[in-house]
Amino acid sequence: MSNGLRRKLTSYGDQGFSLFLRKAFIKAMGYSDDALDRPIVGIANTYSDFNPCHGNVPQLIEATKRGVMLTGAMPMVFPTISIHESFASPTSMYLRNLMAMETEEMIRAQPMDAVVLIGGCDKTLPAQIMAAASSEIPAIFLPTGPMAVGHHKGERLGACTDCRRFWGRFRAGEIDDAEIAEVNNKLASSIGTCTVMGTASTMANLTEVMGLCLPRAGSAPAVESERVRLAEETGRVAARLAMDEAAPTVRAILTPQAIRNGLVALQAMGGSTNAVVHLAAINGRLGLRLDMAELDRLGRSIPLLVDLQPSGQHYMEQFHEAGGVPALLKAVRHEIDGSAPTVYGRTIGEIIDDVVDEPGQTIIRTVEKPLKPIGTIAVLHGNLAPRGAVIKQSAASKELLQHIGRAVVFDSVEDMTLRIDSDDLDVHADDVLVLRNAGPKGAPGMPEAGYLPIPRKLARLGVKDMVRISDARMSGTAFGTIILHIAPEAADGGPLAIVRTGDRIRLDVEGRRIDLDIDQAEFDRRMLDVVNRPPAPSRGYAKLYQERVLQADEGADFDFLQSEELDAR
Ligand code: FES
């Protein structure tokens, strides 16, 4: 027998002794021989006191274990890294690859026939999908689910679009210290992930779209009993995967059709730009390149259908009540490949066929009557972004989508922090704010600094949005006319490095262009002076990160973690 506890024996040069020793040690936990002879389902525990988005993980683990045992397999819980957005310095993105490596190696090193990966906060599901795509055993995912909305003076509050909205009002002097403190108490009113269509909700929904978790597991609220029942059912499916030697791996589920279905949903749901980076990284693990041209084409043909913040008005619990991902897929059925497989054995087309419309719901619109006539994300190129950039046009100001403005340049996140609120800053509402050296290498860790705050002197005048461009990312919960992920980044020799305050920048979202408006000879002359990349740190993970991280268009993964098949293409 080569499965269960007999898998992946520790190397002592004597296989019989390896198993004997393993069983001797594990019996210290009180397991019987019957239990130890069962197929094993590993369950990745990402609970952490530093991660409130995973606050329900202990309950989900218990329910998952119940489902595994009711189906006749043996659950084994093991810890992995857990990352919360607000508790990761310098950035959570800096640690995503570390979590992906650690999770992959723990799956590989320990004896399990299938694995349940429980994640939720922004970087955790992407890291876990990257890990599972690189490992050889079947995996099923269990998102932790979105938190409940809060309330303040008759308004609903949801992290974290409303965090930014209220902080902007506080900066502008519209609300005082007492009110911002009151809002701070109410923004995250329960455990669970941010309740708008931010990165966590986007990635959970895409996990469902791509067939890696159960139907409705992408959106069921963190604190409702449905989430716990989904955990039990996830355990049952995982046990069946563990017992089936022909069960599909994540690589078998994530076909090019499944990935394209994900791009369709991303455009229709108002998903986070961060998903583009994560999908690029996941593609790299599969030996594929993310098809940015197809993403952009879908953005022209698929309008925004989901009325959730930050592109719309509502929150994940309303999306779930309206039918969630299956209802969304039904609304874009004409673009979905229904033959795409799922980890639970049905096709995506069969899931769509089962959808019963929720009478009267207005959260998930139809293609004929969309929320906005444009898709969520546009892919830009131009002399400032030779390898591309993105804009979340659904959450941008329509009047700024075609714009020419004077550049106001910040050389780093620190420079921006020091100067943005100075009354001496020479800045006007129609300028273009430029932030550089905030990409994967430059920051490092590609922080969500692309949402440059409106300079305080302009905020006081009521300016709510400006064109902002950078090689950074932005939170999926943010709103604004913001160009992100410029590749290559300034610290890797990208042309963002040559922009000077006072230059003119031309944004043409309809034409999919972002350009520095100077003559070519001057452009070329300045590029000769660009110094590549900052000095590498001398040790540890920081050194590994700086030396091996890829650019945004390749998912900001490490080069050595991509599939070897990618090099062969
Ligand atoms: Fe965890 Fe938003 S901070 S999902």
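The residue count restarts for each chain, going from 1 along the sequence in the order it is written. Residues qualify for local features only when their pLDDT is at least 70, as the model is predicted, and side-chain atom pairs are given and counted only at 80 or more; totals for whole chains, interfaces and linings, by contrast, use all residues. Values reported for side chains reflect all heavy atoms of the structure, with hydrogen atoms and water molecules removed beforehand.

As named in an unreviewed UniProt entry, the chain is Dihydroxy-acid dehydratase, taken from Rhizobium leguminosarum. Per its UniProt entry, the chain bears the Sequence similarities (unreviewed entry) comment "Belongs to the IlvD/Edd family." UniProt positions are given in the numbering used here, feature names are shortened, and annotations may be inferred rather than shown by experiment.

S.K.: Go over the overall build of the chain with me, naming the residues and quoting the values.
M.R.: Counting from the N terminus, the helices are the DSSP runs of H or I reaching at least four residues and the strands are the DSSP runs of E reaching at least two. Counting its secondary structure elements, the chain contains 21 helices and 14 strands. Note that the radius of gyration is over C-alpha atoms, with the globule rule given as 2.2 Å times the number of residues to the power 0.38. Relative to the compact-globule value of 25 Å for 569 residues, the chain shows a C-alpha radius of gyration of 24 Å, a close match. Dimensions of the chain along its principal axes, counting C-alpha atoms only, are 75 × 55 × 50 Å. Contacts: residue pairs with any heavy atoms within 4.5 Å of one another. Summarising the internal contacts of the chain: among those between residues at least 6 apart in sequence, 74% fall at separations of at least 24.

S.K.: Tell me about the environment of C213, residues and numbers included.
M.R.: Position of C213 among the secondary structure elements: in the loop between α8 (199-209) and α9 (225-243). Partly exposed residues are those whose accessible area sits between 20% and 50% of the maximum for their type, while under 20% is buried and over 50% is exposed, using a 1.4 Å probe and protein chains only. When its relative accessible area of 0% is taken as the criterion, C213 is described as buried. For the pair C213 and V237, spaced 24 residues apart in the sequence, the C-alpha separation amounts to 9.8 Å. In contact with C213, other than residues within four places in its own chain, are I140, F141, P143, A204, T207, E208, G218, V343 and Y344.

S.K.: Report on the UniProt feature "domain: Dihydroxy-acid/6-phosphogluconate dehydratase N-terminal" (unreviewed entry) in the chain, specifying residues and quantitative values.
M.R.: Using the residue numbers shown here, the UniProt feature "domain: Dihydroxy-acid/6-phosphogluconate dehydratase N-terminal" (unreviewed entry) corresponds to residues 38-350. Secondary structure within residues 38-350 divides into 48% helix and 9% strand; the distance between the first and last C-alpha atoms comes to 32 Å.

S.K.: Quick rundown of the state of the cysteines? Include the residues and the values.
M.R.: By convention in this document, the label disulfide applies to cysteine sulfur atom pairs within 2.5 Å. What the rule picks out here adds up to 1 disulfide. Shown here is the disulfide that connects C160 with C163, its sulfur atoms set 2.2 Å apart. Here the disulfide of C160 and C163 is left-handed, its torsion about the S-S bond being about -100°. Judged by its relative accessible area of 22%, C160 falls in the partly exposed class. Judged by its relative accessible area of 19%, C163 falls in the buried class.

S.K.: Now, about the side chain of S412: what can you tell me, with residues and values included?
M.R.: Within the fold, S412 resides in the loop between β9 (402-410) and α17 (413-419). On the accessibility criterion, S412 (18% relative accessible area) is buried. N or O atoms within 3.5 Å of each other form a polar contact, as long as, within protein, one can give a hydrogen and the other can take it, and as long as residues adjacent in sequence are counted only when both atoms are side-chain atoms. Among the polar contacts made by the side chain of S412, one reaches the main-chain amide nitrogen of D415 at a distance of 3.0 Å. Excluding anything up to four places from it in sequence, S412 contacts L435 and R436.

S.K.: Please set out the packing of aromatic side chains residue by residue, giving values where relevant.
M.R.: Planes of paired rings set the category: under 30 degrees apart is stacked, over 60 is edge-to-face and the rest tilted, where pairs are Phe, Tyr or Trp rings (Trp by its six-membered ring) whose centres lie within 6.5 Å. Across all of its chains, the model carries 10 aromatic pairs by this definition. Between Y545 and F558 the ring centres are 5.6 Å apart and the planes differ by 80°, which places this aromatic pair in the edge-to-face class. Of the two residues, Y545 is situated in helix α20 (residues 540-548) and F558 in the loop between α20 and α21 (564-568); the sequence distance between them amounts to 13 residues. In this structure Y545 comes out as buried when scored by relative accessible area, which is 0%. On the basis of relative accessibility, which here comes to 0%, the residue F558 falls in the buried class. One aromatic cluster is present, built from ring pairs that chain together Y94, Y541, Y545, F558 and F560. Whether a charge lies above a ring is judged from NZ of Lys or CZ of Arg, which has to be within 6 Å of the ring centre and within 35 degrees of the ring normal. Note that R164 overlies the ring of Y451, its terminal NZ or CZ placed 5.5 Å from the centroid. One Lys or Arg, R468, reaches over the ring of Y451 and ends 5.4 Å from the middle of that ring.

S.K.: Outline the pairing of strand β4 (residues 139-143), supporting the account with residue identities and numerical values.
M.R.: Burial runs high along β4: 5 of the 5 residues are buried. For two strands to pair, DSSP has to find at least two bridges joining them. As judged from the 5 bridges shared by strand β3 (residues 114-119) and β4, these two strands associate in the parallel manner. Directly across from G119, in β4, lies its bridge partner P143.

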